[in-house]
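Each chain, letter by letter, is given below.
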Amino acid sequence: MRSRRDVLRSAVLGGGAGVVAATALGSLGPEAAFATTGQKVEPGAPDPDFAEGRIRSIKDNTLLVLGSNMVFHTIRVVDGTSLWKLGPVPFDQAKPGDGLYARGVRMPDGMLAAESVWLNIVNLKGHIKNITGQTLHLDHDGHEVLCHVVAGKSVAIHSERPATSDLSMLKVSQHVQILGAWRPDTNEVDIATVFSPH
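Residues numbered from 1 in each chain as written. Predicted model: local features only at pLDDT ≥ 70, side-chain atom pairs only at ≥ 80, totals over all residues. Heavy atoms only, no water.

As a further point, take the pattern of salt bridges. In total, this model carries 6 salt bridges according to the counting rule given. The salt bridge partner of Asp 185 is Arg 54, with a shortest N-O separation of 3.1 Å. Here Asp 185, found in the loop between β10 (175–182) and β11 (188–196), pairs with Arg 54, found in strand β1 (residues 50–59); they are 131 residues apart in sequence, far enough to count as distant. We classify Asp 185 as exposed; its relative accessible area is 62%. Since its relative accessible area comes to 30%, Arg 54 is described here as partly exposed. Of the charged contacts, one joins Arg 183 and Asp 190 as a salt bridge, the two residues approaching to 2.7 Å between their closest N and O atoms. (Salt bridge = Lys/Arg side-chain N within 4 Å of Asp/Glu carboxyl O. Helix = DSSP H or I, 4+ residues; strand = E, 2+ residues; numbered from the N terminus. Buried < 20%, exposed > 50% of the residue type's maximum accessible area, 1.4 Å probe, protein only.)

Our next topic: the sheet that holds β1. Spatially, 5 strands are ordered β1-β2-β3-β5-β4 in a closed barrel, and the strand pairing comes out mixed. Sheet twist, expressed as the average angle between the axes of neighbouring strands with direction ignored, equals 55 degrees. As judged from the 7 bridges shared by strand β4 (residues 99–106) and strand β5 (residues 112–119), these two strands associate in the antiparallel manner. For Arg 106, the partnering residue across the bridge sits in β5 and is Leu 112. (Pairing = 2+ DSSP bridges. Axes fitted to C-alpha atoms, helices over the stretch in contact; angles between N-to-C directions.)

Assignment of secondary structure puts Ser 82 in strand β3 (residues 72–84). Taking relative accessible area as the criterion, Ser 82 reaches 2% and is therefore assigned buried. When the C-alpha atoms of Ser 82 and Ser 116 are compared, they prove to be 4.8 Å apart, with 34 residues separating the residues in sequence. A polar side-chain atom of Ser 82 sits 3.3 Å from a polar atom in the side chain of Ser 116. (Polar contact = N/O pair within 3.5 Å; in protein donor to acceptor, adjacent residues only side chain to side chain.)

This next bit is on the side chain of Asn 120. Relative to the helices and strands, Asn 120 is located in the loop between β5 and β6 (121–132). Look at Asn 120 and you get buried, because its relative accessible area is 4%. Within the structure, the side chain of Asn 120 is placed 3.0 Å from the side chain of Asp 98, a separation counted as a polar contact. Once you skip the residues sitting within four places of it in the chain, Asn 120 turns out to touch Lys 85, Asp 98, Gly 99, Gly 180, Ala 181, Trp 182 and Pro 184. (Contact = heavy atoms within 4.5 Å.)

Once that is clear, we can look at the pairing of β10. Sheet topology note: the β6/β10 ladder contains 7 bridges and is antiparallel. The partner of Lys 125 across the bridge, within β10, is Gln 177. As consecutive antiparallel partners, β10 and β11 are separated by 5 residues, and within that stretch Asp 185 has a phi angle of approximately 65 degrees, a positive value.

Now for the packing of aromatic side chains. In this structure the tally under the stated criterion is 1 aromatic pair. The interplanar angle of 25 degrees and the centroid separation of 5.9 Å between the aromatic rings of Phe 50 and Tyr 101 together place this pair among those described as stacked. Of the two residues, Phe 50 sits in strand β1 while Tyr 101 sits in strand β4, which places them 51 residues apart along the sequence. Given the relative accessible area of 19%, Phe 50 is considered buried. Exposure remark for Tyr 101: the relative accessible area of 27% places this residue in the partly exposed category. (Phe/Tyr/Trp six-rings, centres within 6.5 Å; stacked < 30°, edge-to-face > 60°.)

This is the structure in C-alpha cells:
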C-alpha cells in the first residue's frame, strides 16, 4: 500500500495530474494545518515541507506564493491535494491575493507538491464586543475584527456540546475562539467555527 506522500510524489513526477479538492486518501481538515509530519526538523530551522504566504499568480495547477519572509514558493496542486477555504473547495477557488498555508512533499527541484492547502485560514481568540445582525465584532488583541456568520457554513461549539448552526447562545463580552477565512486586505473574517468555553 502506497502512502499519501508516495502518491503525491508520483502525481507530480508523472505530470498531467488532474486537480481535485479531496480524495479517497482522506482530506486534512483545517485543524491539521500546523500538525507535524514524521520528519524531524532542527529547532529554529524552516520546515522544508511547509510553506506560507500570499498567492502572487496561478498558472495551470501551480501557485507562485510570496512568503512573509519575502521568499518565493512554487506550490503544485495535484490529485490528492485537499484545499480548504471555509470548507473543502475545488482548486478554482484559489485566487491571487489569497493567503495560504501549505503542507506537502518537497520535490528535488524545490517545488512543493501540496498534500493540503488552507486558503485565508485564521484562528483568532478574543472577546465579543458587539453582535449586529449576522456579524460578531471581536476584540482580538485590541484590534476589532468583523466576523460574518455564513448561512449553511458557520457553526458554534459550546463547551462539550456538538456543533450547531444556532449561534444565538453567543453573548457580548464572551471569550471565544474563531476559526474562519480572512477576506484579504480587510479586517473581516467569514466564520467556519466559533468555539466558546461556556
